[in-house]
2 protein chains.
Amino acid sequence: MNKENKKSDSLIALFETKKSLTITLLRARESLMMSFRPLLAKHSFTEQQWRVLRVLGEKGPCDAGKLATEACILSPSLSRIINTLIENNFIIKKEDKLDKRKIILEISDEGKSKLESIKPEYMAILKSIQKRYGEDKINKILKLLTEIIDWRSR
Amino acid sequence: MNKENKKSDSLIALFETKKSLTITLLRARESLMMSFRPLLAKHSFTEQQWRVLRVLGEKGPCDAGKLATEACILSPSLSRIINTLIENNFIIKKEDKLDKRKIILEISDEGKSKLESIKPEYMAILKSIQKRYGEDKINKILKLLTEIIDWRSR
DNA sequence: TTAATAAAATTAACATATGAATAAGGAAAA
DNA sequence: TTTTCCTTATTCATATGTTAATTTTATTAA
């Protein structure tokens, strides 16, 4: 590319994959997940099952719709993940008596203890990441990304 | 949670999904992809097919290994995606005469014109996002995330 | 040179992502 | 009240994510 294009370079550059925000988000997430995958594999959890269990452990009983949003999983996927987690006795499915369309999901005692047993190892990895990049930098990223997430709900 | 826990709050809070960097990255990406999905659907491309085509259009002929890294796709997935793109005449597969284990992938003329035809619409969406959040903020995010990505290859 | 080893791509098997369609219950308008 | 429309969850079909195993070709060690 020669000098005549200088004016429009900043626009043309936007199409480059190296400067693509969506691709960069994907790569950054992958870099981080690399540290957690061995732990999840050791306990036979997929990323998604782990997210569902954490959300239920944190928020308490919850309908499938909210759970899907919180865990960042689409409902068709969640339906199957729920079945797996129920088979493994980590969560319980109840009916909503006020609205029979809904189902109420809740973490079981077995799910709770599983969560607690993994938590220390998980936190250790988290702290090593925090140490690696610096707490300030991570908080800065979290703040900036939250702005993106919250934009549509203004 | 009461005041006695104040000291350890910053550590305990780390386990909250709201402060999870990996989940936040996922949600932020989803917020952005929402703007692009209609365009990709209109042209019958999946996100991954689109990434592969863009990378090949940008880097020129490339072996499957490099392509997988650049497009952020695992090689088993890439194998299938490549077959689809070849069937649709968007890319071409050649052999590497120096190393017969490798394959060389290249965008076709049809692929190039498809890319060019979508590019204006894509750029328009990109600019609206840039306007929405501000160029500075986006560049700041890109820089911070790139640090995370580049950490392992120090 | 031969045997062992490593690398590149593919295949296999199972889980999730995505969009469309379906089923069933609830809410609103006629 | 009944028809219509909306919401919630599920199912279906196709594509991709993930790990392990396999195939083919290079490379290295013996």
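Here we summarise the structure given alongside this text. (Residues numbered from 1 in each chain as written. Chains lettered and ligands numbered in written order. Predicted model: local features only at pLDDT ≥ 70, side-chain atom pairs only at ≥ 80, totals over all residues. Heavy atoms only, no water.)

**A look at the protein's contact with DNA strand C**
Logical step 1: Close to DNA strand C lie 25 residues, the nearest being A:Thr46, A:Gln48, A:Arg101, B:Gly65 and B:Ser79.
Logical step 2: Close to the protein, within 4 Å, the atoms of DNA strand C belong to sugar or phosphate groups at a rate of 69%.
Logical step 3: At a separation of 3.2 Å, a phosphate oxygen of DNA strand C approaches a polar backbone atom of B:Ala64.
Logical step 4: Put simply, the parts of the chain that give the surface near DNA strand C at least two residues each are α3 (47-59) and α5 (75-87) of chain A together with α4 (64-71) and α5 (75-87) of chain B. (Near = heavy atom within 4 Å. Polar contact = N/O pair within 3.5 Å; in protein donor to acceptor, adjacent residues only side chain to side chain. Helix = DSSP H or I, 4+ residues; strand = E, 2+ residues; numbered from the N terminus.)

**A look at the protein's contact with DNA strand D**
Logical step 1: Lining the immediate surroundings of DNA strand D are 25 residues, of which A:Gly65, B:Gln48, B:Ser77, B:Arg80 and B:Arg101 lie closest.
Logical step 2: Among the atoms of DNA strand D close to the protein, meaning within 4 Å, 67% are from sugar or phosphate groups.
Logical step 3: A distance of 2.9 Å is found between a phosphate oxygen of DNA strand D and a backbone nitrogen or oxygen belonging to A:Gly65.
Logical step 4: Side-chain polar atom of A:Ser79 to a phosphate oxygen of DNA strand D: 3.0 Å apart, as the coordinates give it.

**Brief notes about the sheet that holds strand β1 (residues 62-63) of chain B**
All names here are of chain B.
Logical step 1: What the three strands build is an open sheet, ordered β1-β3-β2; its pairing is antiparallel. Of all strands in the sheet, those with a lone pairing partner are β1 and β2 (91-95), marking the two edges.
Logical step 2: Sheet topology places β2 next to strand β3 (residues 103-107); five bridges connect them, and they run antiparallel. If you follow Ile 92 over to β3, its bridge partner there is Glu 106.
Logical step 3: Packing of helix α3 (residues 47-59) onto the sheet brings it into contact with β1, β2 and β3, and relative to β3 it is tilted by some 90 degrees. (Pairing = 2+ DSSP bridges. Contact = heavy atoms within 4.5 Å. Axes fitted to C-alpha atoms, helices over the stretch in contact; angles between N-to-C directions.)

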